[in-house]
Number of protein chains: 2
Amino acid sequence: MLDSLFFPKTVAVIGASEKHGSLGYHVMQNNIHLKNELYPVHPRYETVLGLKAYKSVLDIPEDIDVAISVVGPDNTLQVTQESASANVKFLIIVTSRFGEAARFKEGKILEQKIAAIAQKSGTRVVGPNCIGILNLPYLNSTFVPEYSPFLLEGLPIPSKGNINIISESGSVSGLLTAWLTEQGLGLNKLVNYGNGIDLVSTDFMEYFQNDSDCDIVGVYVEGIRNGRKFIEAAKKLNEKKPLIILKPGSELASKAAQSHTGSVATNEAIFGAALKQVHVQRAQTYGEFCSAVKTHSMISDKYLRRDHFFCAGITNAGGLKVLLAESLRQHNIPESALSEFSPELVEELEKILPSNVTVTNPLDIIGDASSETYSKVMEQLLRQGTIDCLLSIPTFEPASLREELVKDTARLMLKYGKPIIIASVGGELARIIRDKFQKVYVLNFEKPEDLAFAYQILRERHQFLSTLPSGS
Amino acid sequence: MLDSLFFPKTVAVIGASEKHGSLGYHVMQNNIHLKNELYPVHPRYETVLGLKAYKSVLDIPEDIDVAISVVGPDNTLQVTQESASANVKFLIIVTSRFGEAARFKEGKILEQKIAAIAQKSGTRVVGPNCIGILNLPYLNSTFVPEYSPFLLEGLPIPSKGNINIISESGSVSGLLTAWLTEQGLGLNKLVNYGNGIDLVSTDFMEYFQNDSDCDIVGVYVEGIRNGRKFIEAAKKLNEKKPLIILKPGSELASKAAQSHTGSVATNEAIFGAALKQVHVQRAQTYGEFCSAVKTHSMISDKYLRRDHFFCAGITNAGGLKVLLAESLRQHNIPESALSEFSPELVEELEKILPSNVTVTNPLDIIGDASSETYSKVMEQLLRQGTIDCLLSIPTFEPASLREELVKDTARLMLKYGKPIIIASVGGELARIIRDKFQKVYVLNFEKPEDLAFAYQILRERHQFLSTLPSGS
């Protein structure tokens, strides 16, 4: 169990420092609110940032749940030995220049020695070459400084939310965090295990099966050592909550990964087929990964527990109706997934809509439609038993739509318990509108094809959920 | 020749009005700077916005190059007749409720009558159901109001630039305009011909062959009447400047198009094959279309007139190196397109870079690299005869990179005459950095896969250009 790693009672920072810009300074600063549970370790300092410092982790009078080490690679072996002797439960080795650095043969050997000590003692290791764990406010082992040269008001950290991220790459985890913040999405726990000489993605996937704080897990992984165990953990986790995996699989990517985290290639064909067999979603690109994470974090599984999952498209822009239809094909969504409009529905809609609107699915209610009309039509559609999801592309560029539509969309989604997904296409104004939709928690994207992608992954999740025993 | 359409000496607005919110008001306002060359037409007004009004286009004492009609569909036939009698060169019919509105059989018949009159008289028609032509400051037949409820400082219009857009859809053309503005890209001419009963995309593609003001043409088209003529015009235009076509091709999209602009489906397989044969780029989605337009507008053909077009990737984030490599595969770019690093180059780079960097292509110079190091490495790469294009993913999230890198990138691109394409991945900060790259005119994107896409289309253009006689 990794409880003590994510919710430690005591944290030591080995290599703690008051030197601005140093790793030991930033890691201390990032956990300074832990106060008396935070123990700086440094051979030469009496205090660090006002806290009593210890020469070694062995000198700390308390049992240590998590020790974060930022000392150089040469000193890391000793730190590991001391941590093991002190019965530290988890050692996060932030330091790099180990197995990932091909020009140092010693790096690989050092890693093996550290792993051996850890294995013998029971101290579990995260890293090396990682930023470790971010589980605010309990632990922040990252060395990301509070201030960046561009955002003087401080580096934005996402609000606490329902997404867990596991990433082999430190930079990817940092960029995902920034992305979550910008999107207004909430992060629950972030894990970056770098070279992963002990704890790896599989361990965290196992732990997150019983993590009731998160609704969705996204995994970025470059290499997998025990494929069978990984797939088993992925399968079990995915049965509880959506799991999305981004794993580069090309030969070129594998070569690139080797010099990044020292990862060894898996058999791509076998891995891909195995994931498919257990219905785990695999993103092809960084963008798809982000879109899938966003979709599942905002549309929970409870929206997908239905007999079918037909959609209807609605827009006030003719061209976007056509492009939405085309996007569905590109995502291999059959025409039969679009709800067929009954003659009664067509009649109802024709009553609401001006006579130059042709009622089809997807439906274009034409540029001069008012917000009221847009809302009324959405409600008519949501009332249908054969419509389970709306793909909506409201364009505010002709001035006839007003902001009410944003709130109406949220209200209708809650009232009918059916997902409404928005694409707000265009420029600056479209971005402002997207932010407004985000504020009322309506899933929102930039382009018609994003809607098709989101619908596709929800559709796949719906199909998968329907194979599980109900209530699971 | 369409010179008088894009650069009219005299413009009449039929249905001109002072009523705020009416089409006739906005079209007048949008062209009010033309002053004495602008002629409002309305049966009941003496003046409109301070200009003398005429009862009919027949009463105007000058020859009219362009008449813009916004009167209702029932009055449009008479307007067409009068325009024909007055020898109006071009009649832009903004009004909708014609062939696109399936519930009006009369709409289709009316269209045919209008087309017949036009054909007989020599008056050429744009529309109906369109916003027409935007060629600032010469003509703006659009009815897009100056103010939107969300952007009180006025609706943004892109600066004058090198991109021509032809769009069958009015909404798509409006959204593209907004997008260009947000991206800091420049629009030269915009055409939206709606139902296209006379002038269609083919005519505009022919005209733009000799338009020295534009460097690239983007076409959004739903239906094509004369496929052979379209392909021929596309071929000729594409030989002069990059042409990108977005045409939905699925059955569902065709159905949707029919109720939008009344377009009839083309034979998808034949159309696709024909475009390919003449090497015209076809975007699959709205997003791809935008990316391709942006790429070609910022990387001119002169950068592609080289013997080969090998690339090198550079980043300071290991995960992004791996994802970039993976993205290349997804766009079917062979490993051989990545320049092979000579032993001399590896040695040079190892001198510049810290010893834990593994020199490969793509290259990760590691998170703590400074801007100076990043620039030095870029210059080393650009010096190589075997590197023709850089794919760069600089991450400013670790605070070691500074803004100088933005200017250095622009400087190096100009110095070596080789494209450098940027992906700035992450959140808010990444967006700020992208804007900075845009300001110094460096092609910039959001995601690693966008780089692969941009490189792919430049690569295809390079291959195509090498088949043309030099100097063409």
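Use the structure listed above.
Residues numbered from 1 in each chain as written. Chains lettered and ligands numbered in written order. Predicted model: local features only at pLDDT ≥ 70, side-chain atom pairs only at ≥ 80, totals over all residues. Heavy atoms only, no water.

> Can you help me understand the overall build of chain A in this one?
Scanning chain A from terminus to terminus reveals 16 helices and 19 strands. Whereas a compact globule of 472 residues would reach a radius of gyration of roughly 23 Å, chain A reaches 25 Å, a difference of no more than 12%. Principal-axis analysis of the C-alpha atoms places the extent of chain A at approximately 80 × 45 × 40 Å. Counting over 472 residues, chain A shows a buried share of 63%. Summing over all exposed atoms, chain A offers an accessible surface of approximately 18000 Å²; the carbon and sulfur share of this is 50%. Once the 48 positive and 53 negative side-chain charges of chain A are each reduced to a mean point, those two points are 4 Å apart. (Helix = DSSP H or I, 4+ residues; strand = E, 2+ residues; numbered from the N terminus. Rg over C-alpha atoms; globule rule 2.2 N^0.38 Å. Buried < 20%, exposed > 50% of the residue type's maximum accessible area, 1.4 Å probe, protein only. Areas by Shrake-Rupley, 256 points an atom, 1.4 Å probe, with all protein chains shown as cover. Lys, Arg positive; Asp, Glu negative; His and termini not counted. Charge placed at Lys NZ, Arg CZ, Asp CG, Glu CD.)

> What should I look at first to understand the sheet that holds strand β13 (residues 243-246) of chain A in this one?
Strand pairing in a sheet takes place through backbone hydrogen bonds and is either antiparallel or parallel in direction. All names here are of chain A. What the seven strands build is an open sheet, ordered β9-β8-β11-β10-β12-β13-β14; its pairing is mixed. Looking along the sheet, the strands with just one partner apiece sit at the ends: β9 (139-140) and β14 (281-283). Summarising the sheet, strand β8 (residues 132-135) and β9 pair through two bridges and their orientation is antiparallel. Residue pairing across strands places Leu134 opposite Asn140, the latter belonging to β9. Against the sheet, helix α10 (residues 286-298) engages β10 (160-167), β12 (216-220), β13 and β14, with an angle of about 170° to β12. (Pairing = 2+ DSSP bridges. Contact = heavy atoms within 4.5 Å. Axes fitted to C-alpha atoms, helices over the stretch in contact; angles between N-to-C directions.)

> Help me out: how do you make sense of the pairing of strand β15 (residues 311-315) of chain B in this one?
Looking along a regular strand, one sees side chains alternate from face to face of the sheet. Residues and elements named next belong to chain B. Most of β15 sits out of view: five of its five residues are buried. Burial along β15 is two-sided: Cys311, Gly313 and Thr315 facing one way and Ala312 and Ile314 facing the other are all buried. Where β15 meets strand β17 (residues 389-393), five bridges bridge the pair, whose relative direction is parallel. Residue pairing for β17: Ala312 is matched across the bridge by Leu390. Across two bridges, β15 lies against strand β16 (residues 363-364) in parallel orientation. Counterpart to Ile314 in the pairing with β16 is Leu363.

> Could you clarify how one ought to interpret the sheet that holds strand β11 (residues 187-192) of chain B in this entry?
Residue and element names in this part refer to chain B. The strand order across the open sheet built from seven strands is β9-β8-β11-β10-β12-β13-β14, with neighbouring strands paired in mixed fashion. Edge positions in the sheet fall to β9 (139-140) and β14 (281-283), since each has one partner strand and no second. Bridge analysis of strand β10 (residues 160-167) against strand β12 (residues 216-220) gives five bridges, and the strand direction is parallel. Within the sheet, the bridge partner assigned to Ile165 lies in β12 and is Gly218.

> Explanation requested: unusual backbone geometry in the structure shown.
A negative phi angle is the norm for most residues apart from glycine, just as the trans form is the norm for most peptide bonds. In this chain, Asn361 of chain A is followed by Pro362 of chain A through a cis amide linkage whose omega measures 0°. Locating Pro362 of chain A in the fold gives a position in the loop between α12 (343-352) and β16 (363-364). For the bond from Leu136 of chain B to Pro137 of chain B, the omega torsion is 0°, close enough to zero to count as cis. Tracing the backbone shows Pro137 of chain B in the loop between β8 (132-135) and β9. Of note, the phi angle at Lys35 of chain A is positive, near 55°, even though the residue is not glycine. Topologically, Lys35 of chain A is positioned in the loop between α2 (23-30) and β2 (38-41). Positioned with a positive phi, Asn332 of chain A is a non-glycine residue whose angle comes to about 60°. One can find Asn332 of chain A in the loop between α11 (318-330) and α12.

> How should the interface of chain B and chain A be read in this particular structure?
How big an interface is tends to be stated in terms of the accessible area lost upon association of its parts. The partner chain A presents 82 residues to the 82 residues of chain B that form the contact. Applying the counting rule to chain B against chain A returns two salt bridges. The partner of Glu182 of chain B in a salt bridge is Arg431 of chain A, with the nearest N and O atoms 4.0 Å apart. Broken down by secondary-structure element, the contributors of at least two residues to the side of chain B that touches chain A are α5 (170-183), α8 (251-258), α10 (286-298), α11 (318-330), α15 (428-439) and α16 (448-465) of chain B. It is α11 of chain B that contributes the most residues to the side of chain B that touches chain A, 11 residues altogether. Looking at the side of chain B that touches chain A residue by residue, the class counts come to 37 nonpolar, 22 polar and 23 charged. (Salt bridge = Lys/Arg side-chain N within 4 Å of Asp/Glu carboxyl O. Nonpolar A, V, L, I, M, F, W, Y, C, P; charged D, E, K, R; others polar.)

> How do you make sense of the packing of aromatic side chains when you look at a structure like this?
By convention here, two paired aromatic rings are described through the distance between centres and the angle between planes. Under the counting rule described, the total for this entry stands at 18 aromatic pairs over all chains. When the centroid spacing of 6.0 Å and the interplanar angle of 55° are considered together, the rings of Tyr39 of chain A and Tyr54 of chain A count as tilted. With Tyr39 of chain A in strand β2 and Tyr54 of chain A in the loop between β4 (51-52) and β5 (66-69), this pair connects stretches of sequence that are 15 residues apart. Looking at Tyr39 of chain A, the relative accessible area reads 10%, which means it is buried. On the accessibility criterion, Tyr54 of chain A (13% relative accessible area) is buried. Here the aromatic rings of Tyr193 of chain A and Phe204 of chain A are separated by 6.4 Å at their centres, their planes lie at 25°, and the arrangement is stacked. Placement of Tyr193 of chain A in the loop between β11 (187-192) and α6 (201-208) and of Phe204 of chain A in helix α6 is noted, with a sequence separation of 11 residues between them. Overall, Phe204 of chain A belongs to the buried group, its relative accessible area being 0%. An aromatic cluster is defined as three or more aromatic residues linked by ring pairs; in this entry it consists of Phe6, Tyr193, Phe204, Tyr207 and Phe208 of chain A. For Lys52 of chain A, the ring lying beneath its charged end belongs to Tyr54 of chain A, and the centroid distance is 4.8 Å. Stacked on the ring of Phe445 of chain B, the Lys or Arg Lys294 of chain B has its end atom at 5.3 Å from the ring centre. (Phe/Tyr/Trp six-rings, centres within 6.5 Å; stacked < 30°, edge-to-face > 60°. Lys NZ or Arg CZ within 6 Å of the ring centre and 35° of its normal.)

> Hey, could you run me through the nonpolar core in this one?
Considering soluble globular proteins, one finds that nonpolar side chains tend to be buried as a cluster. If you look at the biggest cluster of nonpolar residues, it comprises 183 residues, and the most contacted ones within it are Leu381 of chain A together with Leu381 of chain B. Leave out the neighbours within four places in its chain, and Leu381 of chain A touches Ala312, Ile314, Phe341, Leu345, Leu349, Ile387 and Leu390 of chain A. (Core = buried A, V, L, I, M, F, W, Y, C linked by side-chain atoms within 4.5 Å.)

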